[in-house]
Protein chains: 2
Amino acid sequence: MSSSRQESLIDRCKHHGLRITGQRRVILEVLDASDDHPDVEELHRRVSAIEPGVNIATVYRTMNKLAEQGLIERHQFDDGRLRYEPAPEEHHDHFINVETGEVIEFRSDEIEDLQEEIARKYGFEIVSHKLELYVRRRKGH
Amino acid sequence: MSSSRQESLIDRCKHHGLRITGQRRVILEVLDASDDHPDVEELHRRVSAIEPGVNIATVYRTMNKLAEQGLIERHQFDDGRLRYEPAPEEHHDHFINVETGEVIEFRSDEIEDLQEEIARKYGFEIVSHKLELYVRRRKGH
DNA sequence: ATTGCAAGTGCAATGCATTCGCATTTATAA
DNA sequence: TTATAAATGCGAATGCATTGCACTTGCAAT
């Protein structure tokens, strides 16, 4: 499971007034079981493996609805596709391994603090932010 | 001019073996005179004001060629469109004012250093990175 | 100055991810 | 059980960006 969360995505959807249909149940299960940052096509592939016949437009619409409710997070890395992950308890940023495409999460309180400080210095308050480090494995490490 | 640079974009193009056509000259002038982060449509609009009849596909192709040569930088903020700026001497990051859409550049050596340090800790080396702070003006400041 | 040709351009067509219109089905509250 | 708003399937439409092809042009070699 992606993150140890008290409440399942399904329950959280119910509490947000979303209907739990057969397909939605499967989509939510797939999301809950995803540790990575799949795009819609990949999600559709995983859903179809469990329950064939779900239209990809349904996956798109469901992702939009969930993101609207803040139940999932939407990312767009350099390949331009929209990718999703269940909303994390705590904000984190991402490494993207440019050689493998793999996405790794990390968190740095120092960086978070520095961002706040810089924004304040400019007279801004941060609404959200995005930090992506495109990296490769260091040789000999 | 966007950044005080010794050499004009036109000269840099010549040195990279790119032909300076009539349209390209105009496109490069527009780029050089841009202080913001225009997308292709906006660039096309500015170019057309000087020299009508330049096809937007030409702007797209020119941007790709320039980016290939590292003469301009390509960005993609949350609206998903590709935006461009003349390649800066020194790397910087961006505030995006969510209320106005305005893009403001900033630079922080501390953040740059922290990123390196974190990447190293994970066994990575940074190829490139992207830090975008979506902000709004603070009230009463 | 002339010429040859690779590079650049216009235009329309195409690609690709995502959204939408509309008819049909379904979850849920009454 | 029923009413109805929400969800779905399907194909068409959208938006941004790229490409194929015929035509033009910059520029290096003559």
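Residues numbered from 1 in each chain as written. Chains lettered and ligands numbered in written order. Predicted model: local features only at pLDDT ≥ 70, side-chain atom pairs only at ≥ 80, totals over all residues. Heavy atoms only, no water.

Draft legend 1. Structural context of the packing of aromatic side chains. In the structure shown here, the tally under the stated rule is eight aromatic pairs over all chains. On the numbers, 4.5 Å between centres and 35° between planes, the contact of Phe95(B) with Phe106(B) is tilted. Of this pair, Phe95(B) sits in strand β3 (residues 93-97) while Phe106(B) sits in strand β4 (residues 103-106), and the two are eleven residues apart along the sequence. The exposure classification of Phe95(B) matches that of Phe106(B), with both residues buried. The structure contains a cluster of three or more aromatic residues connected by ring pairs, namely Phe95(A), Phe106(A), Tyr122(B) and Phe124(B). (Phe/Tyr/Trp six-rings, centres within 6.5 Å; stacked < 30°, edge-to-face > 60°. Helix = DSSP H or I, 4+ residues; strand = E, 2+ residues; numbered from the N terminus. Buried < 20%, exposed > 50% of the residue type's maximum accessible area, 1.4 Å probe, protein only.)

Draft legend 2. Up close: the sheet that holds strand β4 (residues 103-106) of chain A. A sheet is described by the order of its strands in space; here six strands give the open sequence β4(A)-β3(A)-β5(A)-β5(B)-β3(B)-β4(B), paired in mixed fashion. A strand with exactly one partner marks an edge of an open sheet, and here the two such strands are β4 of chain A together with β4 of chain B. Ignoring which end each strand starts from, the neighbouring axes of this sheet average 25° apart. With four bridges connecting them, strand β3 (residues 93-97) of chain A and β4(A) associate as antiparallel partners. (Pairing = 2+ DSSP bridges. Axes fitted to C-alpha atoms, helices over the stretch in contact; angles between N-to-C directions.)

Draft legend 3. Focus on the relation of the copies chain A and chain B. With an axial shift of 0.0 Å and an RMSD of 0.1 Å, the rotation relating chain A to chain B amounts to 180°. The symmetry that links the two subunits is that of a two-fold axis. For chain A, the minimum C-alpha distance to the rotation axis belongs to Leu131(A) and amounts to 2.2 Å. Both copies contact each other with a shared surface, as 100% of the interface residues of chain A are interface residues in chain B too. (Least-squares fit on C-alpha atoms with pLDDT ≥ 70 in both. Contact = heavy atoms within 4.5 Å.)

Draft legend 4. Region of interest: the environment of Gln76(B). Within the secondary structure layout, Gln76(B) lies in strand β1 (residues 72-76). Residue class for Gln76(B) comes out buried when judged on its relative accessible area of 16%. Sequence separation between Gln76(B) and Lys130(B) is 54 residues, and the spatial gap between their C-alpha atoms is 9.8 Å. When sequence neighbours within four positions are dropped, the list of residues in contact with Gln76(B) reads Gln76(A), Gly80(A), Arg81(B), Leu82(B), Lys130(B) and Glu132(B).

Draft legend 5. How the structure looks around the nonpolar core. Of all hydrophobic cores here, the largest spans 24 residues; its most connected members are Phe95(A), Leu133(A), Phe95(B) and Leu133(B). Secondary structure elements with two or more residues in this core: β4, α5 (109-121) and β5 (124-137) of chain A together with β4, α5 (109-121) and β5 (124-137) of chain B. Once residues within four sequence positions are removed from consideration, Phe95(A) is found in contact with Glu102(A), Val103(A), Ile104(A), Phe106(A), Leu133(A), Val135(A), Ile118(B), Ala119(B), Tyr122(B) and Phe124(B). (Core = buried A, V, L, I, M, F, W, Y, C linked by side-chain atoms within 4.5 Å.)

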